[in-house]
Amino acid sequence: MINREKTYVNTSFLMLLSIGMGKLALSKEILMSIDKPARYIGHEVNAVIKNPEGLIRFAMCFPDVYEIGMSHLGIQILYDMFNSYEDVWCERVYSPWNDLYPLMKKDHIPLFALESQDPVSDFDFLGITLQYEMCYTNILQVLDLSGIAFYAKDRCENDPIVIAGGPCTYNPEPVAEFFDLVYIGEGETSYRKLIDLYKEHKKVGYDRQKFIREAGKIPGIYAPSCYDVSYNEDGTIREFFPLYDDMPAVIEKEIVTELSDTYYPVKPVVPYIKATQDRVVLEIQRGCIRGCRFCQAGSVYRPIRERDVEKLESFARQMIASTGHEEISLSSLSSSDYPDLDRLCNFLIDEFSDKHINISLPSLRVDAFSLDVMSKVQDVKKSVITFAPEAGSQRMRNVINKGLTDEDILNGCKQAFLGGWTRVKLYFMLGLPYETVEDMEGIAKLSNEIAKLYYDTIPKEKRVGKVNIVSSTSFFVPKPFTPFQWAKMATMDEFRMKAKVVNDAMKRQLNYKSIRYNWHAADVSVLEGVFARGDRKLSKVLVRAYEKGCMFDAWTESFRFEPWVEAFEEEGIDPAFYYNRERPLDEVLPWDFIDIGVTRKFLEREYENAKQQKVTPNCRMKCSGCGAARFHGGVCYESKA
Amino acid sequence: MKVRLRFSKTGALVYIGHLDVMRYFQKLFRRAGIPVAYSEGFSPHQILSFTPPLPLGMESEGEYADVELVEPVLSKDALYRIAETSVPEITVTSFRLLPDRCENAMASVKAARYEVIFPKEMSGSDMTAAADDFLKKDSVVVLKKSKKTEKEIDIRPLVYELKADDKGRVISMLISSGSVDNIKPELVLNAMFGDKLTEFDTGNIMIKRIDQFTLADDKLISLDEIGTDIT
Ligand code: SF4
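Because the structure is a prediction, the values reported are computed rather than measured. (Residues numbered from 1 in each chain as written. Chains lettered and ligands numbered in written order. Predicted model: local features only at pLDDT ≥ 70, side-chain atom pairs only at ≥ 80, totals over all residues. Heavy atoms only, no water.)

Details of the interface of chain B and chain A
With 34 residues of chain B at the contact, the number on the chain A side is 36 residues. At the surface where chain B touches chain A, the tally comes to three salt bridges. Between A:Glu326 and B:Arg30 there is a salt bridge, and its shortest N-O distance comes to 3.7 Å. Taken together, chain B and chain A are joined by eight residue pairs in polar contact (both at pLDDT 80 or more). (Contact = heavy atoms within 4.5 Å. Salt bridge = Lys/Arg side-chain N within 4 Å of Asp/Glu carboxyl O. Polar contact = N/O pair within 3.5 Å; in protein donor to acceptor, adjacent residues only side chain to side chain.)

A word on the pairing of strand β8 (residues 159–164) of chain B
Residues and elements named next belong to chain B. The sheet contact formed by β8 and strand β9 (residues 170–176) spans five bridges and is antiparallel. Bridging across to β9, Val 159 finds its partner in Ile 175. The hairpin turn running from β8 into β9, its antiparallel successor, is five residues long, and Gly 168 in that turn takes a positive phi close to 75 degrees. (Pairing = 2+ DSSP bridges. Helix = DSSP H or I, 4+ residues; strand = E, 2+ residues; numbered from the N terminus.)

Some points on the sheet that holds strand β18 (residues 515–519) of chain A
Residue and element names in this part refer to chain A. One open sheet accounts for four strands, arranged β15-β16-β17-β18; its pairing is parallel. Among the strands making up the open sheet, the edge pair consists of β15 (385–390) and β18. Going across the sheet, the axis of each strand differs from the next one's by a mean of 20 degrees, ignoring polarity. Taken together, the four bridges between β15 and strand β16 (residues 423–430) define a ladder with parallel strand orientation. Opposite Glu 390, over in β16, you have Phe 428 as the bridge partner. Contacting β16, β17 (468–475) and β18, helix α16 (residues 492–508) runs over the sheet at an angle of about 180 degrees to β18. (Axes fitted to C-alpha atoms, helices over the stretch in contact; angles between N-to-C directions.)

Observations regarding helix α2 (residues 75–84) of chain B
Residues and elements named next belong to chain B. Among the residues of α2, those classed as buried are Ser 75, Ala 78, Leu 79, Ile 82 and Ala 83. For α2, the angular spread of the buried residues around the axis is 130 degrees, confining them to a single face. Across from the buried face of α2, at angles greater than 90 degrees, the exposed residues are Lys 76 and Glu 84. For α2, the elements touching its buried residues are β1 (2–9), α1 (18–32), β4 (90–97) and β12 (228–229). (Buried < 20%, exposed > 50% of the residue type's maximum accessible area, 1.4 Å probe, protein only. Arc of directions from axis to C-beta.)

So, the environment of A:Gln141
Residues and elements named next belong to chain A. Locating Gln 141 in the fold gives a position in helix α6 (residues 136–146). Setting aside residues no more than four positions away along its own chain, Gln 141 makes contact with Ser 95, Pro 96, Tyr 101, Tyr 546, Met 551 and Phe 552. In terms of polar contacts, Gln 141 uses its side chain to reach the backbone carbonyl oxygen of Pro 96, at 3.0 Å.

Focus on the site of the ligand
Within the structure, the ligand sits among 12 residues, and A:Arg302, A:Cys619, A:Cys623, A:Cys626 and A:Cys636 are positioned closest to it. For the shell around the ligand, a count of residues per class yields eight nonpolar, two polar and two charged. (Near = heavy atom within 4 Å. Nonpolar A, V, L, I, M, F, W, Y, C, P; charged D, E, K, R; others polar.)

Focus on the environment of B:Glu103
Residues and elements named next belong to chain B. With respect to the helices, strands and loops of the structure, Glu 103 is situated in the loop between β4 and α3 (105–108). Looking at Glu 103, the relative accessible area reads 45%, which means it is partly exposed. As a C-alpha pair, Glu 103 and Phe 118 span 15 residues in sequence and 35 Å in three-dimensional space. With sequence-adjacent residues up to four places away left out, Glu 103 is seen in contact with Arg 4, Asp 66, Ser 108 and Lys 110.

Describing the sheet that holds strand β14 (residues 358–360) of chain A
Residues and elements named next belong to chain A. Reading across the sheet, the three strands line up as β10-β13-β14 and stay open at both edges, with parallel pairing between neighbours. The sheet terminates laterally at β10 (280–283) and β14, the two strands that pair on one side only. The average angle at which neighbouring strand axes cross in this sheet is 20 degrees, direction not considered. Across three bridges, the pairing between strand β13 (residues 327–331) and β14 is parallel. Bridge pairing in β14 places Ile 328 opposite Ile 359.

Digging into a positive patch on the surface
A contiguous patch of positive charge, built from A:Lys601, A:Arg605, A:Lys614 and A:Lys622, is present on the exposed surface. Tracing the chain through its elements places A:Lys622 in the segment after α21 (600–611). (Patch = residues over 30% accessible without salt bridge, like charges linked within 9 Å, V, L, I, M, F, W, Y side chains within 5 Å. Areas by Shrake-Rupley, 256 points an atom, 1.4 Å probe, with all protein chains shown as cover. Lys, Arg positive; Asp, Glu negative; His and termini not counted. Charge placed at Lys NZ, Arg CZ, Asp CG, Glu CD.)

Let's talk about the nonpolar core
Grouped together as the largest cluster of nonpolar side chains are 216 residues, with contacts concentrated most on A:Phe82, A:Phe211, B:Phe25 and B:Phe95. With nine residues, helix α15 (residues 437–457) of chain A is the single largest residue contributor to this core. Ignoring anything within four residues of it in the chain, the contact list for A:Phe211 reads A:Phe125, A:Ile161, A:Leu181, A:Leu194, A:Leu197, A:Tyr198, A:His201 and A:Tyr206. In terms of nonpolar packing, the next biggest core, distinct from the first, is built from 31 residues, B:Phe118, B:Val142, B:Ile153 and B:Leu187 among them. (Core = buried A, V, L, I, M, F, W, Y, C linked by side-chain atoms within 4.5 Å.)

Here's the deal with the pattern of salt bridges
A complete count under the given rule lists 70 salt bridges over all chains for this structure. The salt bridge partner of B:Glu161 is B:Arg113, with a shortest N-O separation of 3.1 Å. Of this pair, B:Glu161 sits in strand β8 while B:Arg113 sits in strand β5 (residues 111–117), and the two are 48 residues apart along the sequence. On the basis of relative accessibility, which here comes to 28%, the residue B:Glu161 falls in the partly exposed class. Taken together, the shared-partner salt bridges in this structure form one network comprising A:Glu186, A:Glu188, A:Glu283, A:Arg286, A:Arg305 and A:Arg307.

Some thoughts on the environment of B:Lys167
Looking at the element boundaries, B:Lys167 is found in the loop between β8 and β9. When the C-alpha atoms of B:Lys167 and B:Ile210 are compared, they prove to be 20 Å apart, with 43 residues separating the residues in sequence.

Considerations on a negative patch on the surface
On the surface, A:Glu258, A:Asp308, A:Asp340 and A:Asp342 cluster together into a patch of negative charge. Among the residues examined, A:Asp340 registers a relative accessible area of 35% and is labelled partly exposed.

A word on the packing of α15(A) against α16(A)
Residues and elements named next belong to chain A. The geometry of α15 relative to α16 is characterised by a closest axis approach of 8 Å and an angle of 40 degrees between their N-to-C directions. Here α15 is positioned oblique relative to α16, judged by the angle of their axes. Between α15 and α16 the crossing geometry is right-handed. Note on element contacts: α16 touches α15 through Lys 498, Val 501, Val 502, Ala 505, Met 506 and Arg 508, opposite Val 437, Met 440, Glu 441, Ile 443, Ala 444 and Ser 447. Within the contact of α15 with α16, the residues separate by chemical class into eight nonpolar, one polar and three charged. (Parallel < 35°, antiparallel > 145°, perpendicular 65-115°, else oblique. Left-handed = near helix turned anticlockwise from the far one by under 90°.)

Some details on the domain arrangement of chain B
When its domains are assigned, chain B resolves into domain 1 (2–107) and domain 2 (119–204). A C-alpha centroid distance of 30 Å is found between domain 1 of chain B and domain 2 of chain B. (Domains from an automatic or database assignment.)

Next up, the structure:
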């Protein structure tokens, strides 16, 4: 007979039962009627369950669907950090997908956090990460479903404190009025101070506005309601100023000086459904030495800081053991610049390849070393060689300071072809400053040259079918804190024309049949351009767009442009003012009150260098005095070769 | 060598689909350090076989997975290691070595036992009478619908046991299951009660799979009884 006494039960189960958990916020009827109900039930392996009594409750929201949000390393780091605090319980919140949203609206079901399934409105904090501009209407969806007023000024005393974080907070102004607080910079450093301050205030007669104002004095934390903006007649900013003398006029970004000594999520939550990143991710370094002039990440995360390779090796082992994932991957802006890359790759291969764990190595420069590593960890026939030349001509690559030459690309391809690869992916941008028709046509020419190189390199009898080249262009969106923050962005019609120029040029190429060309949608890019460099006047456009049903705008299948056009019209706001206008160097920019370390002077100089097509060396070759050295860490303190 | 695991799937996890349960087990085996065998080739995968998919929303106490091992582990060690890294809603209750020549979990299922729990009482005698009536009949022809086809089948010979408790809340049935003559418990309920069923909020009738059975010497025995503990 079956012996049932031997059943072992995980002890966290008892914990769940003891605090009355195991309940679900959504009814069976609803869960059975929507797509992927597993998005909403929590209960995953490594999800943190605590007894909520007496704890500060922090709801950490990634305002997109579960599979996207669960794949984000930054959130995993903060989840781990908060839950390492004994007095805090941090839970996850994601945007309910299009199918669930109307059901929640109709039945007035409040948005809930996954772990406890408790309503977000019961929490002390609601943290929302802003990873891309096209999630801004999703912020409103989250607030709406949580029963929290859109505008911070309309909130009740006991509403959660709504705080933003993530890369878009380097210009928080278009969404600033939706947030009580905005955390600018890396999350590992100031949250403890914020929680302590909150507890202090809770002890002695909590007053929401008083707390917000005090919190705004913590390094890196910005309290939008304590600042005001005046405008010139032409709509540009006259002045941005604190309302009170004791508030800082400038907010300095927060940064982890010693990356090796900080939090790392060695027990990340393991989703049931397949997340976009269904694997262990090792963040090997933060920041970038390269200084590409279009790249915001390369600027705001300066200076580059590495994680100690030994620590990474230990993280890798622990994380594979704690998740059971079958893939491990590296994360950084440019992995080839990691000093211990050899050692780390060899470690991963030695440690994991015979344990049926795949190793994926994105953002590696294509050279002899990386090809050798890749041939060891993946099926050459199936894998793709990727380059991001960003521009089609050397001239243009000098403008954007992309230190990748045609020669590098062709050499890399040649070695790859000889090694058996037949698939190449190329990423470019269209609409870069000072772009000419020749630069655009260069994209087609380079694609063709690579195809030709394949046929020249590999003799007929050794070929397996055609070489397969996929070239994609995205439209360039100028971002704050880059040398192009003053630049004029192209219009939708211009973008379409540019894509046509490339497409026509492609058709003229000899090896056209081996090349596929894709380009992005121009309308989303334009909106992104508006919000990236927007100001506070845009918040009402966002509210209107949301009321017209705009949500999940980053998803092609749910993006609709017309309601956006209407929203701008109805609010009397001309989008071209924000994206299609060259800003004079003396204009007050909405994000000028933020200090990222990199100085405005450096950015101006780089804008001039771009115009002159002058290349600026990377941080390891020579320091260019960008200003980030004042953080006393990273590459600025290495001895230069 | 092949082992068979019996597991339950309850609570919130009834909303996890079959493919995700398979993924869950693959990761679970790696976390628990179970020495699972992999297939050959450039993208090797764990050699696993599950009993037929449990419908979304249904609880079960009797699901099975067969897995090929490269070396033996003691049943009690394996169960302990698995429990340590499991979510409570999927609890593995046995880990048994299968005989050498044994049909895999998927193919061996011939019948399944279900428990149907009604949200409120249906008069005890009514329910028992409906069960008795059903069993007395020689044939019960119903329309079986699948995604594409509709056909008439006689389900009477496919119902092996049907019992109602006298409190009028629970019906237990043992019915044909698996790749041939698979029928759903709902089909039997419909045949028993017809329109009367709609008096109950059908969404709230809870059906639970209790166990799955295979044929051995013309007798139905639980899939759990095939293997032996590794001690
Ligand atoms: S200060 Fe110099 S080394 Fe440091 S980030 Fe700036 S340019 Fe690079």
